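Architecture and fold: a report
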Amino acid sequence: MVFAVVLVAIFVFFVIDAAFRPAFDWPSVGKYLFDRRISMAALVTIELTVFSMVIAIILGVILAVMRLSPNPVVKSVAWFYLWIFRGTPVYVQLTIWGLISLIYTSIDIGLPFMTPWLSFSTTAALNTFTLAVIGLALNEAAYMAEIVRAGLLSVDKGQEEASIALGMSWSQTMTRVILPQSMRVIIPPTGNEVISMLKTTSLVTAVPFSLELFTRSRDISAETFNPIPLLIVASIWYLFFTSILMVGQYFLEKRFSRGVGDRQANKSDAGGGAGLTGAVPIVGAGQPTVVLPPTPDKPGTGGTR
Amino acid sequence: MSGTLATGASVEPPMVLAEQVTKSFGAHEVLKGITLEVKRGEVMCLVGPSGSGKSTFLRCINHLEVLSAGRLSVDGELIGYREANGKLYEMAPKEAAKQRRDIGMVFQRFNLFPHMTALQNVMEAPLRVKGLPKAKVESTARDLLARVGLADRADYYPAHLSGGQQQRVAIARALAMEPKLMLFDEPTSALDPELVGEVLDVMKGLAKEGMTMIVVTHEMGFAREVADSLVFMDAGVVVESGLPSEVLANPRHARTQAFLSKVL
């Protein structure tokens, strides 16, 4: 109780102090908050986040499936990828991507040791935005792979056996049976990764790409010699976006945990589940059923396994 | 195959022929040389205490488990291996998958796909594996669901079906591939007693229609009534086998007697 009062007192003191402290320069904050350069940069930050995440998720699924493949070569390649991209800092990776044109001066399409069919210069083909997306996506893919893998492993082994026993191939088993059921486990941490990615985009200055929120704010303050208010402006934008994502994540998680110990909610959809969950066809329609033990009317038949 | 045809077309290979089938998990030998034969249209019940290897043997028949030694063939075709110059080579996963199409399997815990309705569960394999046209697959699937008494449950998800209903859907799902052999791995062990009957009834119907079936079960009543042969396994070996009525009434081995005194 006393601790809470002390906390509140400190907080109030800090706010009042900050409001009148000249270094924060609140008028400038107001002036730059909706500056066109800043809002454009905010849009670029969103673009970086979306493009990188989409690529990372696709690549992450591929890597996760590769890691669970029975083929040892495929498995090792995926393991090697994760080892490299999780074992080095993303800032270093982004810097290397920025220097890629020094390492590979041209991109050739053709057979090794022969005259390429197509050849173009790396600097012309890949602008800094593309490199930033590649750098962020390839790094994130390694983390997504682990999330997807955990999701795949969460699906009961009997599902794979049933599928195989029906004569389905390994890839059919993955795409038709295992992946759809693993979504419940995959979705929530993926939300965290999106929020994390939004913040990580501030590192693309390493490429160097300079049109996203943080680097743009730094560049403007380099002209005005007034860095503090612009940092506050950038932070407000980041907080705005992450808050939206957190709210979205809350509802998404609520949706995907539906059905855990709650059969009643969905009992009516037995006849036409599509009406209730039509928005997310594959996952939504089956979701409430995934998390239930296969024998709801019989305790102790292996539900604990 | 052509070799057997040359000696006389009238000699049909048995549906299942197991010769000295051995299976080890690490140092633990689960099957110690199982030799048995299942004729076309025969219903065989495999009984024995848990851990006797009966489920493992069943899983060897459709190559869910890889044999450690011995050989096993279904309908005259070696399962999981290809024979060349007197040596056995393990099949590529694709070829093994092709063999499994003709062998239906029903699991103790049903293993229905929970994200699909009963109808979709039954349609999945014919649609994806055989690539049959959807309209045809759907009408066959509805017929099969009707056959197991669940025509009105086609659009239900597994979680909204009782255990007995789920197991009947699982049987329909296996039948959708038009198998020549059905394997049942303790199909009623996970069910409430009052739900066992409905599943056994479906299996009885299947047996009457001439389906070749191997059933791992503890339902001695079913074995006595439906099975053509009964095999008692213990500790990875076949202890005794014969007509169900005879084995159940006059077990010759002490181990069989001890087991039956507990379950009957």
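Residues numbered from 1 in each chain as written. Chains lettered and ligands numbered in written order. Predicted model: local features only at pLDDT ≥ 70, side-chain atom pairs only at ≥ 80, totals over all residues. Heavy atoms only, no water.

1. A closer look at the overall build of chain B
As a reminder, the rule being used: Numbering goes from the N terminus for both helices and strands, where a helix is a DSSP run of H or I of at least four residues and a strand is a run of E of at least two. A simple rule labels every residue: compare its accessible area, found with a 1.4 Å probe on the protein chains alone, to the largest value its type can have, and call it buried under 20%, exposed over 50%, or partly exposed in between. Between two residues, a contact is recorded if the distance between any of their heavy atoms is within 4.5 Å. Here the Shrake-Rupley method, with its probe set to 1.4 Å, supplies the accessible areas, and only the displayed protein chains count as covering residues. Only four residue types enter the tally: Lys and Arg on the positive side, Asp and Glu on the negative side; His and the chain ends are excluded. For the purpose of locating charges, the reference atoms are NZ of Lys, CZ of Arg, CG of Asp and CD of Glu.
Within chain B, the regular secondary structure consists of 10 helices and 12 strands. The dimensions of chain B, computed from C-alpha atoms along their principal axes, are 50 × 45 × 40 Å. Buried residues in chain B amount to 55% of all 264 residues. Residue pairs at least 24 apart in sequence account for 64% of intrachain contacts in chain B once pairs closer than 6 positions are excluded. Of the roughly 11200 Å² of accessible surface on chain B, 50% is carried by carbon and sulfur atoms. Counting 30 positive and 31 negative side-chain charges, chain B places the centres of these two groups 4 Å from one another.

2. Side note on the overall build of chain A
Looking only at helices and strands, chain A features 14 helices and 2 strands. Buried positions account for 39% of the 305 residues belonging to chain A. In chain A, the proportion of contacts linking residues at least 24 apart, taken out of those at least 6 apart, comes to 71%. Accessible area of chain A: about 16700 Å², with a carbon and sulfur share of 71%.

3. Observations concerning the UniProt feature "transmembrane region" (unreviewed entry) in chain A
Residue and element names in this part refer to chain A. Put simply, the rule is: UniProt positions are given in the numbering used here, feature names are shortened, and annotations may be inferred rather than shown by experiment.
The UniProt record annotates "transmembrane region" (unreviewed entry) at residues 42-66, 78-105, 117-139 and 228-252. The span residues 78-105 shows a helical share of 82% and a strand share of 0%, and its end C-alpha atoms are spaced 27 Å apart. Secondary structure content for residues 228-252 is 100% helix and 0% strand, while the C-alpha to C-alpha distance between its ends is 36 Å.

4. Details of the packing of helix H3 (residues 36-67) of chain A against helix H4 (residues 72-87) of chain A
Residue and element names in this part refer to chain A. Under the convention used in this document: Angles run from 0 to 180 degrees between N-to-C directions of axes, and those axes are lines fitted to C-alpha atoms, restricted for helices to the stretch in contact. Working definition: roughly parallel below 35 degrees, roughly antiparallel above 145 degrees, roughly perpendicular at 65 to 115 degrees, and oblique for all remaining angles. Should the near helix be turned anticlockwise from the far one by less than a right angle, the crossing is termed left-handed; should it be turned clockwise, right-handed. Following the grouping adopted for this structure description, the nonpolar residues are Ala, Val, Leu, Ile, Met, Phe, Trp, Tyr, Cys and Pro, the charged ones are Asp, Glu, Lys and Arg, and the polar ones are all others, Gly among them.
The geometry of H3 relative to H4 is characterised by a closest axis approach of 7 Å and an angle of 130° between their N-to-C directions. In terms of their interaxial angle, H3 and H4 are classed as oblique. Of the two elements, H3 crosses H4, and the hand of that crossing is left-handed. Across from Leu59, Leu63, Met66 and Arg67 in H3, the residues of H4 making contact are Val74, Lys75, Val77, Ala78, Trp79, Tyr81 and Leu82. Along the lines of polarity and charge, the residues of the contact of H3 with H4 split into 9 nonpolar, no polar and 2 charged.

5. What to know about the sheet that holds strand S3 (residues 43-47) of chain B
All names here are of chain B. Our working rule: Two strands qualify as a pair provided that DSSP identifies no fewer than 2 bridges between them.
The strand order across the open sheet built from 6 strands is S8-S9-S10-S3-S11-S12, with neighbouring strands paired in mixed fashion. The open sheet has two edge strands, strand S8 (103-106) and strand S12 (237-242), and neither has a second partner. When the angles between neighbouring strand axes are averaged without regard to direction, this sheet yields 15°. Where S3 meets strand S11 (residues 229-234), 4 bridges bridge the pair, whose relative direction is parallel. The residue bridging Cys45 from the neighbouring strand is Leu230, located in S11. Its contacts with the sheet put helix H2 (residues 54-61) on S3, S8, strand S9 (181-185), strand S10 (212-216) and S11, and the angle it makes with S9 is roughly 150°.

6. Overview of the nonpolar core
Inclusion rule: Definition used in this section: a nonpolar core is a set of buried Ala, Val, Leu, Ile, Met, Phe, Trp, Tyr and Cys residues joined via side-chain atoms within 4.5 Å.
Formed by 79 residues in total, the largest nonpolar core has its most connected members in B:Val16, B:Phe57, B:Ile61, B:Leu72, B:Val74, B:Leu181 and B:Ile214. A per-element tally of this core places helix H8 (residues 128-153) of chain A first, with 13 residues. Setting aside anything within four residues of it in sequence, one finds B:Val74 in contact with B:Met15, B:Val16, B:Ile61, B:Ile79, B:Ile103, B:Lys180 and B:Leu181. Counting residues in hydrophobic clusters, the runner-up holds 52 residues, among them B:Val43, B:Ala154, B:Ala190 and B:Phe259.

7. Some points on the sheet that holds strand S2 (residues 28-38) of chain B
All names here are of chain B. Strand order in the open sheet formed by 4 strands is S2-S1-S4-S5, and the pairing between neighbours is antiparallel. Strands with a single pairing partner mark the edges of an open sheet, and in this sheet they are S2 and strand S5 (77-78). Relative to S2, strand S1 (residues 16-25) runs antiparallel, the two sharing 8 bridges. Each bridged residue has a counterpart across the sheet, and for Leu17 the counterpart in S2 is Glu37. Sheet strands touched by H2: S1, S2 and strand S4 (69-74). Its angle to S2, the strand with the most contacts, is close to 60°.

8. Some thoughts on the UniProt feature "domain: ABC transmembrane type-1" (unreviewed entry) in chain A
The UniProt entry lists residues 42-249 of chain A under the feature "domain: ABC transmembrane type-1" (unreviewed entry), expressed in the numbering used here. Split by type, residues 42-249 of chain A is 77% helix and 4% strand. Its first and last C-alpha atoms lie 20 Å apart.

9. A look at the side chain of B:Glu124
The residue B:Glu124 is located in helix H4 (residues 118-128) in this model. Exposure remark for B:Glu124: the relative accessible area of 2% places this residue in the buried category.

10. Here we look at the confidence of the model for chain A
Residues and elements named next belong to chain A. What counts here: What pLDDT reports is the predictor's confidence in each residue, on a scale of 0 through 100.
Per-residue pLDDT for chain A averages 83, and the proportion of residues at 70 or more is 84%. The spread of mean pLDDT over the elements of chain A runs between helix H13 (residues 273-277), the lowest at 36, and H4, the highest at 96. pLDDT under 50 marks residues 259-305. Its contacts with residues more than four places away, or in other chains, come to 71 contacts.

11. Thoughts on H8(A)
All names here are of chain A. Let me state the cut-off plainly: Under the convention used throughout, the expected extent of a helix is 1.5 Å for every residue step, that is, one less than its residue count. To get the bend at a residue, fit one axis to the 7 residues ending there and another to the 7 starting there, then take the angle between the axes. The definition of a polar contact used here is a pair of N or O atoms within 3.5 Å, where within protein one atom must be able to donate a hydrogen and the other to accept one, and adjacent residues in sequence count solely through side-chain atom pairs.
Helix length check: H8, at 26 residues, gives a terminal C-alpha distance of 37 Å against a target of 38 Å (1.5 Å per residue), a fit within 8%. Ala141 marks where H8 bends most, by close to 30°. Taking the backbone nitrogen of Phe129 as reference, a side-chain oxygen 3.2 Å away marks Asn127 as the first, capping residue of H8.

12. Some details on a nonpolar patch on the surface
Applied cut-off: Patch membership needs two things, relative accessible area over 30% and no salt bridge, and members are linked within 9 Å if like-charged or within 5 Å if nonpolar (Val, Leu, Ile, Met, Phe, Trp, Tyr). Whenever Lys or Arg places a side-chain nitrogen within 4 Å of a carboxyl oxygen from Asp or Glu, that contact is recorded as a salt bridge.
On the surface, A:Val8, A:Phe11, A:Val12, A:Phe14, A:Val15, A:Ile16 and A:Phe20 cluster together into a nonpolar patch covering about 740 Å² of accessible area. Structurally, A:Phe14 is set in helix H1 (residues 2-20).

13. A few points about the environment of B:Ser189
With respect to the helices and strands, B:Ser189 occurs in the loop between S9 and helix H7 (193-208). Linking B:Ser189 and B:Thr117, residues 72 residues apart in sequence, is a C-alpha distance of 23 Å.

14. Some thoughts on the pairing of S1(B)
Residue and element names in this part refer to chain B. Adjacent in sequence and paired antiparallel, S1 and S2 are bridged by 2 residues, among which Gly26 carries a positive phi angle near 65°. Direction of pairing for S1 relative to S4: antiparallel, over a ladder of 5 bridges. What sits directly across from Ala18, in S4, is Leu72.

15. Focus on the packing of H3(A) against helix H10 (residues 170-200) of chain A
Residues and elements named next belong to chain A. One way to put it is that H3 packs onto H10 with a least axis distance of 10 Å and a crossing angle of 145°. Read as a crossing pair, H3 and H10 show a hand that is right-handed. Residues Thr45, Ile46, Thr49, Ser52, Met53, Ile57, Val61 and Val65 of H3 lie in contact with H10, whose contacting residues are Trp170, Met174, Leu179, Thr190, Glu193, Val194, Met197 and Leu198. Grouping the amino acids of the contact of H3 with H10 by side-chain chemistry returns 11 nonpolar, 4 polar and 1 charged.

16. A word on the environment of B:Val202
All names here are of chain B. When you line up the elements, Val202 lands in helix H7. Assessed through its relative accessible area of 15%, Val202 is described here as buried. Sequence-wise, Val202 and Glu90 are 112 residues apart; in three dimensions their C-alpha atoms are separated by 36 Å.

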